Amino acid sequence: MYTITKEFHFSASHQLFGLPDEHQCARLHGHNYIVVVELRAEELNAHGFVRDYLDLAELKRYIDEKLDHRHLNDVLGDDGVTAERMARHFYDWCAARWPEVSAIKVSETPKTWAEYRP
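All figures in this text were calculated on a predicted structure; none of them were measured in a lab. (Residues numbered from 1 in each chain as written. Predicted model: local features only at pLDDT ≥ 70, side-chain atom pairs only at ≥ 80, totals over all residues. Heavy atoms only, no water.)

Let us now look at the UniProt feature "binding site: Zn(2+)" (unreviewed entry) in the protein chain. Within this structure's numbering, the places UniProt gives as "binding site: Zn(2+)" (unreviewed entry) are His14, His29 and His31. These residues run over 18 residues, yet every pair of their C-alpha atoms falls within 8.4 Å of each other. One can find His14 in strand S1 (residues 2–14). The buried category is assigned to His14, whose relative accessible area is 1%. Ignoring anything within four residues of it in the chain, the contact list for His14 reads Arg27, Leu28, His29, His31, Tyr33, His71, Leu72, Asn73, Val81 and Glu108. Looking at the secondary structure, you find His31 in strand S2 (residues 29–41). Within the local environment of His31, its side chain forms a polar contact with the side chain of His29, the two groups lying 3.3 Å apart. (UniProt positions renumbered as here; feature names shortened; annotations may be inferred. Helix = DSSP H or I, 4+ residues; strand = E, 2+ residues; numbered from the N terminus. Buried < 20%, exposed > 50% of the residue type's maximum accessible area, 1.4 Å probe, protein only. Contact = heavy atoms within 4.5 Å. Polar contact = N/O pair within 3.5 Å; in protein donor to acceptor, adjacent residues only side chain to side chain.)

Our next topic: the pairing of S2. Burial runs high along S2: 10 of the 13 residues are buried. Direction of pairing for S1 relative to S2: antiparallel, over a ladder of 13 bridges. Following the sheet pairing, Glu7 is matched in S2 by Val36. As judged from the 6 bridges shared by S2 and strand S3 (residues 101–109), these two strands associate in the antiparallel manner. Its bridge partner being in S3, Val35 is matched across the sheet by Val106. (Pairing = 2+ DSSP bridges.)

As structure tokens, then:
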């Protein structure tokens, strides 16, 4: 099995509702997000790729145009914009375009990661 990954970065705010008032995530706050898309294939294409990295520029455009420096609760229409739910959101978005997508990882801080892998 061949595996490739590509990393994307953006900054955005969010707020998690339903948490105790003293919980730091209940307040409006932001992160410098990292999104890693993983693609897998048993065979390489005619060019020797799982998928050409240039194809993934569409994800960069989506992030830059729809998510970067935005309030994610508004953009994603959800009051529970967690890293876990964002990983699923990105997985669904990517899998609709590239069948080789096998997982998405999302980081909110240098020490925390959430992953969605069906």
